[in-house]
Amino acid sequence: MTATSERLAGLEAGRAERAHERDFAALAERLEGEGIAPEALVAEIQRFEVALPSWAFATGGTRFGRFSGAGEPRTLREKMEDAALVNGLTGGAAPRISLHIPWDSANDLEEVRADARRLGIGFDAVNSNTFQDQPGQPLSYKLGSFSNPNAAVRRQAIEHHLHVIEVGKAVGSKALTVWLADGSNYPGQMSLRGSFERVRECLHEVYAALPDDWRLFTEHKPYEPAFYATVVQDWGSSLLLAQSLGDRAQCLVDLGHHLPNANIELIVARLLGVGKLGGFHFNDSKYGDDDLTAGSIKPYVLFLIFHELVLAARERLPGFDPAYMIDQSHNLKDPIESLLQTVDQLQQAYAKACLVNHARLAEYQTSGDVIMAERTLKQAYETDVRPLVGEARRRRGGALDPVLAFRASGYRAQKTAERPAAAAGGAPTHL
Ligand code: RM4
Ligand code: MN
Ligand code: MN
C-alpha cells in the first residue's frame, strides 16, 4: 500500500467505526426500551463458539473439476495458521479446528500440539474417512466399509477408527464424528437390513474404544455417493444407531444432508427432545450436499434452528451440549472469506434467536394466536443485529467487518508469496 492509499483506508475505517458506534447506540436504546439488556446480549454472542473444518481452507471441487486459488495451505500447520486468523478476526468465535484423518495425518503430533499452542487453536471432533481408499491400503472400500459383507474389510475400517481416536486423544479432541458413504447404487446390490446391522455392530466396537469423556457422533446423509440406498440415510437411522450404542453416542446434523424441503428445525427439535442432538455441521444448500456458506440460501431456516437451540438452553434441557462445527466446500470463494462470512452468519442467527421473547411466544401458542406467535419470531429475525455482533467481536480484538478486514490485511498476498504451488497431491477435494 502507498502512503496515500493507507491514509485513505484509515479514514474509511474511522468512518465505519463511527457509523458502527451510532448504530450500536441506537439499537442498544431500542432493545432497552423492549426490556432486553444489550450488554447481556453482547456477552452471550461472545460465548458462541464454532469449530472450523481443516478440509475447508483449500478450494474444494466437484467431480467436474477443481479451480484452486493462490496461497492456499498445503500442510496442517498452514491450515492451522489460517484457522487462527479466522478465529482472531471473528473475536475468538472459532477457537478450534476439526481434523480429518488421514487427510490431516501428521508424523509428529507433538509438533502439531506445539503449533496449536503457539496459534491459540484447540481441536474439536476428529473425523474418520472410510469413503476413499488410501495409497497402500490392503482392502478396498468400493463396496462399503462398516457395511461390507467381507469381515476383513470391516476389520480394517474398525482399525482405522481406533487410529483416529488415538490421534484425537493425542491432540485433546473429545469426540469422534463418523460419516459413512456406505450404501448401494442398485436394488439387490446389498441387503438393506444386513448392511445396517453390520454398521451397528462395527460402531459398537468403536464406541467401546472411546475414552470415557468422549462422545461419538453419527452423521446421516440421504444420498451421494450411494444413489440408491445409503445405510445411514436419515436422522431416524442415525438415532437408532445412537440409541443402540449408548449415552455418549449422539446424532450430528449436517444442514446439507437432507432431501429438499425437509424441515431441519423439526429434526433438531426431535433429537433435542430425546437428548440425542450431538452437534452440527453448518453450511447451506439449495439442492443437496452443496456445502455453501451458512445463511447464504436459507437464512430463516438457520435462525429457526438457532431458535430451537436457544430455547433448549434457556429451558436447561438435560444434557444439552451441542458441538457446533462448520462443514463447507469452497469452490468459487476464497475459503477464508467464506469461513469468515459463515461465522458472522452464525453469530447473527444466534443473536437473533437470543432476542426471541419466549414467554410471549408461549402465551400466543397457548391462546392459539397464530399471527402473533409467528410475529414474535419474525420480530427477532427481522432485527438488524449487525451492530451487536460487530461490537461483540470488536471488544475481543476481532473485526467489525471480518471480510473487509481480511482483504485490507494483505494476508492472502503474503501467503501467496510464502506458499508457492500447492504440493502435488496436497489438499484433498471435499466430497
Ligand atoms: C461428507 C460429510 C462429512 C465430511 C465429508 C468430507 O459429505 O459431510 O461430514 O467429513 O463430507
Ligand atoms: Mn458433514
Ligand atoms: Mn456433507
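The model shown is predicted, which means the values in this text are computed figures rather than measured ones.

Draft legend 1. Quick look at the site of ligand 1. Of all residues adjacent to ligand 1, which total 12 residues, the nearest are H100, E219, H257, D289 and D327. Class assignment for the residues of the shell around ligand 1 results in 3 nonpolar, 4 polar and 5 charged.

Draft legend 2. Region of interest: unusual backbone geometry. The step from I101 to P102 runs through a cis peptide bond, and the omega angle for that step is 15 degrees. Structurally, the position occupied by P102 is in the loop between β2 (96-98) and α4 (109-119). Between E224 and the following residue, P225, the backbone shows a cis peptide bond with an omega angle of 10 degrees. In this structure, P225 sits in the loop between β7 (215-219) and β8 (229-230).

Draft legend 3. Region of the structure containing the nonpolar core. Judged by nonpolar contacts, the single largest core of 107 residues is most densely connected at F146, L176, F280 and F306. The element that contributes the greatest number of residues to this core is helix α10 (residues 335-355), accounting for 11 residues. If sequence neighbours within four positions are ignored, F306 has contacts with F48, F282, Y324, L346, A349, Y350 and A353. Ranked by size, the runner-up nonpolar core spans 7 residues in total, among them A125, A175, F217 and A323.

Draft legend 4. Spatial organisation of the coordination of the manganese ion (ligand 2). Around the manganese ion (ligand 2), the donor atoms from the protein are E219 (OE), D254 (OD), H281 (ND1) and D327 (OD), and they sit 2.1 to 2.3 Å away. Classification of the site at the manganese ion (ligand 2) as octahedral follows from its 6 donor atoms and the range of 70 to 164 degrees in their angles at the metal. Donor residues binding the manganese ion (ligand 2) come from one chain and are separated in sequence as E-x34-D-x26-H-x45-D. In this structure the manganese ion (ligand 3) is found 3.6 Å away from the manganese ion (ligand 2). Linking D254 in strand β9 (residues 249-254) with D327 in the loop between β11 (323-326) and α10, this pair joins segments that are 73 residues apart in sequence.

Draft legend 5. Geometry of the pattern of salt bridges. Tallying each qualifying case throughout the model produces 34 salt bridges. For R314, the salt bridge identified is with E44, shortest N-O distance 3.2 Å. Taken as a pair, R314 in helix α9 (residues 299-314) and E44 in helix α2 (residues 38-47) lie far apart in primary sequence, 270 residues in all. For E44, a relative accessible area of 17% corresponds to the buried category. Close ionic contact of E49 with R96 constitutes a salt bridge, the shortest N to O distance being 3.0 Å. A residue pair is termed long-range when its members are at least 10 positions apart, and E49 in the loop between α2 and β1 (51-53) and R96 in strand β2 qualify at 47 residues. When salt bridges with common partners are traced through the structure, they connect R74, E78, E81, D82, K415, E418 and R419 into a single cluster.

Draft legend 6. Up close: the side chain of S145. When you line up the elements, S145 lands in the loop between β4 (126-127) and α5 (151-171). Engagement of the side chain of S145 in a polar contact is seen with the side chain of T130, the distance being 2.9 Å.

Draft legend 7. Layout of a nonpolar patch on the surface. Taken together, the side chains of Y223, F227 and L259 make up a nonpolar region of the molecular surface, amounting to roughly 320 Å² of accessible area. You can see L259 is positioned in the loop between β9 and α8 (264-273).

Draft legend 8. A look at the packing of aromatic side chains. The final tally for this structure, using the stated rule, is 16 aromatic pairs. Ring geometry for Y300 against Y381: centres 4.7 Å apart, planes inclined by 55 degrees, an arrangement best described as tilted. With a gap of 81 residues between them, Y300 in helix α9 and Y381 in helix α12 (residues 370-381) connect regions that are remote in the sequence. Judged by centre distance (6.1 Å) and plane angle (50 degrees), the rings of F406 and Y411 are tilted. Each of the two residues, F406 as well as Y411, counts as buried. Pairwise contacts between aromatic rings join F48, F280, F282, F306, Y324 and Y350 into one cluster. Residue placement shows R248 over the ring face of Y207; its charged tip is 5.2 Å from the ring centre.

So, how was this worked out
- Residues numbered from 1 in each chain as written.
- Chains lettered and ligands numbered in written order.
- Predicted model: local features only at pLDDT ≥ 70, side-chain atom pairs only at ≥ 80, totals over all residues.
- Heavy atoms only, no water.
- Near = heavy atom within 4 Å.
- Nonpolar A, V, L, I, M, F, W, Y, C, P; charged D, E, K, R; others polar.
- Helix = DSSP H or I, 4+ residues; strand = E, 2+ residues; numbered from the N terminus.
- Core = buried A, V, L, I, M, F, W, Y, C linked by side-chain atoms within 4.5 Å.
- Buried < 20%, exposed > 50% of the residue type's maximum accessible area, 1.4 Å probe, protein only.
- Contact = heavy atoms within 4.5 Å.
- Donors = N, O, S within 2.8 Å, 3.2 Å for Na, K, Ca; no water.
- Tetrahedral: all angles 85-135°; square planar, octahedral: opposite > 155°, others 65-115°.
- Salt bridge = Lys/Arg side-chain N within 4 Å of Asp/Glu carboxyl O.
- Polar contact = N/O pair within 3.5 Å; in protein donor to acceptor, adjacent residues only side chain to side chain.
- Patch = residues over 30% accessible without salt bridge, like charges linked within 9 Å, V, L, I, M, F, W, Y side chains within 5 Å.
- Areas by Shrake-Rupley, 256 points an atom, 1.4 Å probe, with all protein chains shown as cover.
- Phe/Tyr/Trp six-rings, centres within 6.5 Å; stacked < 30°, edge-to-face > 60°.
- Lys NZ or Arg CZ within 6 Å of the ring centre and 35° of its normal.

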